[in-house]
Amino acid sequence: MTGGLFLGICSIALLISAGVCIFAKPLAHTLCVMDMPDGANGRKRHRRPTPLVGGIAVSLPVVFSLLFLQPGLNSLASVTGIVTIFMLLIGFFDDRRDLNPGLRFGLSAFVIMGALALVPDLRLEVLYFSFLDRPYILAPVIAGAFTLLCLLGLQNAVNMADGKNGLVIGICMIWTGFLLYCAPLELRLVLTVLLMSLSVTFMFNIRGRLFLGDAGSYSISVLIGLLSIYVFNHSTVELPADLIVLWFLIPTCDCIRLIATRVSLGRAPFVADRSHFHHIIYDSMPWRYGLTLYLGLIAVPGGLATFWPELTLPMIVLVMFSYYSIYVTLTRRQSLAGEIR
């Protein structure tokens, strides 16, 4: 691909993303996806009705760029684009009608299984770890099931993290940057477009002009998951499996904690509440500092380990310790403040 074509595709993708963001309100009214606040004591505490079209602003330019991948990648490009569109549609109907979690997961699993069946490069069949000399080779059936579990887990973790302006988009920008550093040449275009679209949407989201919605969190999380698997299988640099775990560790840890806590209390595992890590941080400090803290917990250890893979295991231990230390410290402080009041 020539430099001029690369630049032209990126420019068109940028215009698509910016256009959706600028016309977010009329688009959201047309699609009936305005997020309504539910008061100061509710879960949705934004001040005014907000368009849920951030996912469209990110996903459509990426699907457009997938049309221009190299001929040898046609199956990957078409399948990844179709999966992204289907996830966007599942999230769109969830935004409008609050789909049953079982139905939502069933539909997502069906779409992902189709992608894994069609594109072998999207399956995790050989796992390399920074602390082991030998790779793990998974049987085809186990590899498919494991990959499906990873992608559904990432989708749910990202969806649970989507609760404050700039958070999920910022996280995805960091992940895309990591992938760009490791990606083979054939994926540089789609990852560049993804990073640009995320950056444009971030500027509107951080000001509360639009939200990702479930359409955004579902489509972007699975898209990044699929691209991560392909990059892992074809990386141009050393990319152990535990490094991928480190990248996704904070949202995943928080998702596991939330599900375990809710089940232990006899509640549905996917019921919405305000006990997420980002809520704990938001209730303890101004969000501009909280956002920096959260993103820093992902960017700094992940960046160090990406450049020096031998640091991956120590960084995983450090991130887990930091996550739980911050969570325990802030929740205890909030509990004490409540008792004093």
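In this text the structure is predicted, and so the values were computed from the model without any measurement.

Rules of the game
Residues numbered from 1 in each chain as written. Predicted model: local features only at pLDDT ≥ 70, side-chain atom pairs only at ≥ 80, totals over all residues. Heavy atoms only, no water. Helix = DSSP H or I, 4+ residues; strand = E, 2+ residues; numbered from the N terminus. Buried < 20%, exposed > 50% of the residue type's maximum accessible area, 1.4 Å probe, protein only. Expected span 1.5 Å × (residues − 1). Arc of directions from axis to C-beta. Contact = heavy atoms within 4.5 Å. Salt bridge = Lys/Arg side-chain N within 4 Å of Asp/Glu carboxyl O. Axes fitted to C-alpha atoms, helices over the stretch in contact; angles between N-to-C directions. Parallel < 35°, antiparallel > 145°, perpendicular 65-115°, else oblique. Left-handed = near helix turned anticlockwise from the far one by under 90°. Nonpolar A, V, L, I, M, F, W, Y, C, P; charged D, E, K, R; others polar. Core = buried A, V, L, I, M, F, W, Y, C linked by side-chain atoms within 4.5 Å. 1 Å grid on protein atoms, 1.4 Å probe; cavity = no way out; pocket = protein on both sides within 12 Å on 5 of 7 lines; lining within 4 Å. Points joined across faces, edges and corners; volume = space filled by probe spheres on them. pLDDT = per-residue confidence, 0-100. Patch = residues over 30% accessible without salt bridge, like charges linked within 9 Å, V, L, I, M, F, W, Y side chains within 5 Å. Areas by Shrake-Rupley, 256 points an atom, 1.4 Å probe, with all protein chains shown as cover. Phe/Tyr/Trp six-rings, centres within 6.5 Å; stacked < 30°, edge-to-face > 60°. Lys NZ or Arg CZ within 6 Å of the ring centre and 35° of its normal.

### Let's talk about unusual backbone geometry
Positive phi, normally seen in glycine, also occurs at Cys-32, with a value near 60°. As for its position among the elements, Cys-32 is in the loop between α2 (24-31) and β1 (34-35). We note that Asp-98 has phi near 55°; this positive angle belongs to a residue other than glycine. Counting through the fold element by element, Asp-98 comes out in the loop between α4 (74-97) and α5 (101-118). Its relative accessible area of 64% is what places Asp-98 among the exposed residues.

### Points about helix α1 (residues 3-22)
Taking 1.5 Å per residue, 20 residues should reach 28 Å; α1 reaches 28 Å between its end C-alpha atoms and fits that length. Turning to α1, its buried residues number three or more, namely Ile-9, Cys-10, Ala-13, Ser-17, Val-20 and Cys-21. An end-on view of α1 places all buried positions within 110° of arc, on one side of the element. Structural note: α1 exposes Gly-4, Leu-7, Leu-15 and Ile-22 on the side pointing more than 90 degrees away from its buried face. Where α1 is buried, its residues touch α2, α3 (54-66) and α8 (188-205).

### Topic: the pattern of salt bridges
For the structure on display, the rule yields six salt bridges. For Glu-125, the salt bridge goes to Arg-123, with nearest N and O atoms at 3.2 Å. Look at Arg-123 and you get buried, because its relative accessible area is 18%. Ionic pairing is found between Arg-274 and Asp-283, a salt bridge with its closest N-O pair at 3.6 Å. Looking at Asp-283, the relative accessible area reads 40%, which means it is partly exposed.

### Notes on the packing of helix α7 (residues 167-182) against helix α13 (residues 287-307)
At a minimum axis separation of 10 Å, α7 and α13 run at an interaxial angle of 15°. Judged by the inter-axis angle, α7 sits roughly parallel to α13. Considering how the two elements wind past one another, α7 and α13 form a crossing that is right-handed. Along its contact with α7, which presents Leu-167, Gly-170, Ile-171, Ile-174, Trp-175, Phe-178, Tyr-181 and Cys-182, the element α13 presents Trp-287, Leu-291, Tyr-294, Leu-295, Ile-298, Ala-299, Gly-302, Gly-303, Thr-306 and Phe-307. Taken together, the residues of the contact of α7 with α13 sort by class into 14 nonpolar, four polar and no charged.

### Overview of the nonpolar core
Counting 89 residues, the largest nonpolar core has Trp-175, Leu-187, Trp-247 and Tyr-294 as the members making the most contacts within it. Excluding residues within four positions of it along the chain, Leu-187 makes contact with Leu-76, Leu-227, Tyr-230 and Val-231. In terms of nonpolar packing, the next biggest core, distinct from the first, is built from 17 residues, Ala-28, Met-34, Phe-92 and Phe-204 among them.

### Quick notes on empty space enclosed by the protein
Inspection of every chain in the model, using the stated rule, returns one cavity of 30 Å³ or more. In this structure, the largest cavity spans a volume of roughly 30 Å³. Along its surface, the largest cavity is lined by Asp-162, Lys-164, Gly-166, Leu-167, Val-168, Ile-169, Asn-205 and Leu-212. No other element matches the three residues that α7 contributes to the lining of the largest cavity. Of the residues contributing to the lining of the largest cavity, the split by class is four nonpolar, two polar and two charged.

### Looking at the confidence of the model for the protein chain
Taken residue by residue, the protein chain gives an average pLDDT of 91. The fraction at 70 or more is 94%. Per-element confidence in the protein chain is highest for α7, whose mean pLDDT is 97, and lowest for helix α14 (residues 312-340), whose mean pLDDT is 87.

### Regarding the layout of surface pockets
Computed from the structure, the second largest pocket encloses a volume of approximately 690 Å³. If you go around the second largest pocket, you meet 25 residues; those closest to its centre are Cys-150, Leu-151, Val-245, Phe-248 and Thr-252. Mapped by element, the contributors of at least two residues to the lining of the second largest pocket are α6 (140-161), α9 (213-234), α10 (241-247) and α11 (249-264). In terms of residue count, α6 provides more of the lining of the second largest pocket than any other element does, nine residues in total. Here the residues of the lining of the second largest pocket are counted per class, giving 20 nonpolar, five polar and no charged.

### What to know about a nonpolar patch on the surface
Residues Tyr-181, Val-300, Leu-304, Phe-307 and Trp-308 make up a contiguous nonpolar surface patch of about 490 Å² in total accessible area. If you tally residues by element for the nonpolar patch, the top one is α13, at three residues. Among the structural elements, Tyr-181 can be located in helix α7. When its relative accessible area of 35% is taken as the criterion, Tyr-181 is described as partly exposed.

### Some remarks on the packing of aromatic side chains
Evaluated as defined, the whole model comprises 12 aromatic pairs. Site record: aromatic cluster; members linked through ring pairs are Phe-277, Tyr-294, Tyr-323 and Tyr-324. Its end group placed over the ring of Tyr-282, Lys-164 keeps NZ or CZ at 3.4 Å from the ring centre. Residue placement shows Lys-164 over the ring face of Trp-287; its charged tip is 5.9 Å from the ring centre.

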